[in-house]
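# Residue-level structure breakdown
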Amino acid sequence: MIPAAFDFKRAGSSDEAIALLGEYGDEAKLLAGGHSLLPMMKLRLAVPTVLVDIGRVEDLSYINDGGDHISIGALTRHRALETSDLLAADCPILSHVASKVGDPQVRHRGTLGGSLAHSDPASDLPAAVLALGGTLVAQGPNGSREIAASDFFTGYFESALTDDEMLTEVRVPKASGGWNYQKFNRRAQDWAIVGVAAVQVNGGTNVSLVNMGSTPLRAGSVEAALAGGSSAADAADAAAEGTEPPTDLNASPEYREHLARVLTRRALEAAGIS
Amino acid sequence: MRPTMRGDTVEISVTVNGTAESNDVEPRTLLVYYLRDQLGLTGTNVGCDTSSCGACTIHVNGESVKSCTMLAVQADGEDITTIEGLAPSDDELHPMQDSFREHHGLQCGYCTPGMVMAAVSLLEENASPTEAEVREGLEGNLCRCTGYHNIVKAVLAASGQSVD
């Protein structure tokens, strides 16, 4: 399977990448690790006419201690997240979730920014960044702006990024309290049929859901129930409220709703919330 | 001068199995086809062509990568190793290849180049893995003969651990 023909441009810096995006508009796509985009191009589900390769923009691969938060460059690979001592100590849910993406070969190439910008509702990393209440930094022709993770995923494979913006950094709060990620699938390396992330952060408990709608979601009803004093088991009963889970080969919407409730209870209990 | 057409070729320079190579490639050329068709290195197999099976696993700067999911242009300037470049000489196998032979870690052999490359990368990152870590570490490689048991044995033995 060969992608449709495209022109190849290599950007040496984020400024250069944004200038190229400005020049080619919505015909262009950014290429980072390529592990979300290239499979779609091979299937001709994505047919960009220009690829802007940002894989060599070296100053966007880092994991830095920002005091109360951790700043991560958008081109940081999953493998680097998985093996980061800083994340292991101060934000273990993110390194754990990174270790659940695909397989080792995929994690050697895939990038955090690429995974988030791809906005696949079944991906793992958006769950962690959403549950953590992270902030995404987008650079455009007029400078940078911050986007809350909860505002970033706007639709099925759609994000709040405009055609001439590029994701440059992801900031997550330190969260060394209880956490858990439940990824339910039938085979190794598959996407989650349903995934649930739970993490204690800033004095509360946040819960996010994967593959329960057209975007990754925060489980607002569960969070509200917990904040109101409900037990984990009672709060988990609300996990499917307000969701519109998809149907596919693996699961019906009803089965996904059931999974969301069960996995949410397991995630909360494993995170030490009772 | 002809008009510029979409997908004009790009020159890349890569080191493949220690040899410097320089070629013009179409931007949409996948790395695995560059290796197989342009360089004639057909030891790397194409299996599923959807980044699931791992038959096309090679090393990019020492790390396992599925070469069906990388463009040749992305390999520009990088150091590539394929199964052909693993053995130290024509007369000697790499210890992982030797271990696969010793423990009968292959049946039909189609997945073997990718399995061996993935296994070498796994031991680079974890020199003495448990059996469970080997099984998880090879999750990106499928063997449709389902000969996993001896593959896992071969990898454990190659790491210097005793196996039954």
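What you see as residue numbers is a count from 1 along each chain, following the sequence as written. Chains and ligands are labelled sequentially in the order written, the chains with letters from A and the ligands with numbers from 1. For this predicted model, a pLDDT threshold of at least 70 governs which residues receive local features, and a threshold of 80 or more governs which side-chain atom pairs are given and counted, while totals over whole chains, interfaces and linings are taken from all residues.

## Examining the overall build of chain A
Secondary structure elements follow DSSP: runs of H or I of four or more residues count as helices, runs of E of two or more count as strands, with numbering from the N terminus. Check the secondary structure of chain A and you find 12 helices and 14 strands. Using C-alpha atoms as the atom set, the radius of gyration is obtained and then compared with a globule rule of 2.2 Å times the number of residues to the power 0.38. In terms of overall dimensions, chain A is globule-like: its C-alpha atoms have a radius of gyration of 18 Å, near the 19 Å expected for 274 residues. Principal-axis analysis of the C-alpha atoms gives chain A an extent of 55 × 45 × 30 Å. Put simply, a residue is buried when 20 or more other C-beta atoms lie within 10 Å of its own C-beta and exposed when 12 or fewer do; between those, it is partly exposed, and each C-beta is set from the backbone. Within the span of chain A, comprising 274 residues, buried residues form 55% of the whole. Expressed as a percentage of contacts within chain A between residues at least 6 apart in sequence, the contacts between residues at least 24 apart total 63%. We call two residues in contact when their backbone-placed C-beta atoms lie within 7 Å.

## Points about the overall build of chain B
If you tally the helices and strands in chain B, you get five helices and five strands. Here the C-alpha radius of gyration of chain B, 17 Å, is about what a compact globule of 164 residues would show, namely 15 Å. Excluding contacts between residues fewer than 6 apart, the proportion of contacts in chain B whose partners are at least 24 apart in sequence is 56%.

## With respect to the packing of helix H2 (residues 95-102) of chain B against helix H3 (residues 112-125) of chain B
Describing two packed helices takes the angle between their axes plus the distance from one axis to the other. Residues and elements named next belong to chain B. Angles here are taken between N-to-C directions and fall from 0 to 180 degrees, while the axes themselves are lines fitted to C-alpha atoms, restricted in helices to the stretch in contact. Interhelical geometry of H2 versus H3 gives an angle of 125 degrees and a closest axis separation of 10 Å. When the axes of H2 and H3 are compared, the pair comes out oblique. In terms of crossing hand, the pair formed by H2 and H3 is right-handed. Contacts between H2 and H3 involve Met96, Gln97 and Phe100 from the former and Thr112, Val116, Ala119 and Val120 from the latter. Here the term charged refers only to Asp, Glu, Lys and Arg, the term nonpolar to Ala, Val, Leu, Ile, Met, Phe, Trp, Tyr, Cys and Pro, and the term polar to all other amino acids, Gly among them. Of the residues contributing to the contact of H2 with H3, the split by class is five nonpolar, two polar and no charged. Oblique is the label for every angle not falling under 35 degrees (roughly parallel), over 145 degrees (roughly antiparallel), or within 65 to 115 degrees (roughly perpendicular). Working rule for handedness: look at the near helix, and if it is turned counterclockwise from the far one by less than a right angle, call the crossing left-handed; if clockwise, right-handed.

## Thoughts on the pairing of strand S7 (residues 143-148) of chain A
Residues and elements named next belong to chain A. Among the six residues in S7, zero count as buried, and that is only a small part of the element. Two strands form a pair only when DSSP identifies at least two bridges running between them. Two strands pair when backbone bridges link them, and strand S6 (residues 135-140) and S7 are joined in this way by six bridges, in the antiparallel orientation. The partner of Leu136 across the bridge, within S7, is Ile147. Where S6 folds back on S7, the antiparallel hairpin that results is connected by two residues.

## Side note on the sheet that holds strand S2 (residues 28-31) of chain A
All names here are of chain A. One open sheet accounts for three strands, arranged S1-S3-S2; its pairing is parallel. Looking at the sheet topology across the chains shown, the edges are occupied by strand S1 (7-10) and S2. Direction aside, the axes of adjacent strands within the sheet are offset by 25 degrees on average. Both S1 and strand S3 (residues 50-53) contribute to a ladder of four bridges, which runs parallel. Residue pairing across strands places Lys9 opposite Val52, the latter belonging to S3.

## A closer look at the nonpolar core
Ranked by internal contacts, the top residues of the largest apolar core, which has 132 residues, are A:Ile93, A:Ala128 and A:Ala197. Those residues within four positions of A:Ala197 in sequence are excluded, and the remaining contacts are A:Ile93, A:Val97, A:Ala127, A:Ala128, A:Ala131, A:Tyr181, A:Ser208 and A:Ala267. By our criterion, buried Ala, Val, Leu, Ile, Met, Phe, Trp, Tyr and Cys residues that link up through C-beta atoms within 7 Å make up a nonpolar core.

## Let's talk about the interface of chain B and chain A
Many analyses report the size of an interface as the accessible area lost when the parts associate. Counting from both sides, the interface comprises 28 residues of chain B and, opposite them, 23 residues of chain A. Broken down by secondary-structure element, the contributors of at least two residues to the side of chain B that touches chain A are strand S4 (63-66) and H3 of chain B. Here the side of chain B that touches chain A gets four residues from one element, more than from any other, and that element is S4(B). Residue classes in the side of chain B that touches chain A are distributed as nine nonpolar, 12 polar and seven charged.

## Let's talk about the sheet that holds strand S5 (residues 79-81) of chain B
The pairing of strands in a sheet comes from backbone hydrogen bonds and takes either a parallel or an antiparallel form. Residues and elements named next belong to chain B. Strand order in the open sheet formed by five strands is S2-S1-S5-S3-S4, with mixed pairing between adjacent strands. Taken across any chain shown, the strands that pair with only one partner, and hence form the sheet edges, are strand S2 (19-25) and S4. Put simply, the sheet's adjacent strands are angled 40 degrees from each other on average, direction ignored. In the sheet, strand S3 (residues 57-60) pairs with S5 via two bridges, with the strands oriented antiparallel. Looking at S5, one finds that His59 is bridged to Thr81. Each of S3 and S4 is contacted by H3, which is oriented at about 40 degrees to S3, the strand it contacts most.

## Re the domain arrangement of chain B
All names here are of chain B. Each domain's extent is set by a domain assignment, obtained either automatically or from a database. Looking at chain B, the domain boundaries give domain 1 (10-84) and domain 2 (95-158). Listed per partner, the contact involves 16 residues of domain 1 and 12 residues of domain 2. Among the secondary structure elements, those contributing two or more residues to the side of domain 1 that touches domain 2 are S3 and S4. In terms of residue count, the dominant contributor to the side of domain 1 that touches domain 2 is S3 (three residues). Looking at the side of domain 1 that touches domain 2 residue by residue, the class counts come to five nonpolar, 10 polar and one charged.

## Details of the domain arrangement of chain A
Its domain assignment divides chain A into domain 1 (7-53), domain 2 (58-173) and domain 3 (179-270). The C-alpha centroid of domain 3 of chain A is placed 33 Å from the C-alpha centroid of domain 1 of chain A.

## As for the environment of A:Asp65
All names here are of chain A. Within the secondary structure, Asp65 sits in strand S4 (residues 63-65). Each C-alpha atom of the pair Asp65 and Leu86 lies 7.5 Å from the other, and the pair is 21 residues apart in sequence. Setting aside residues no more than four positions away along its own chain, Asp65 makes contact with Ile70 and Leu86.

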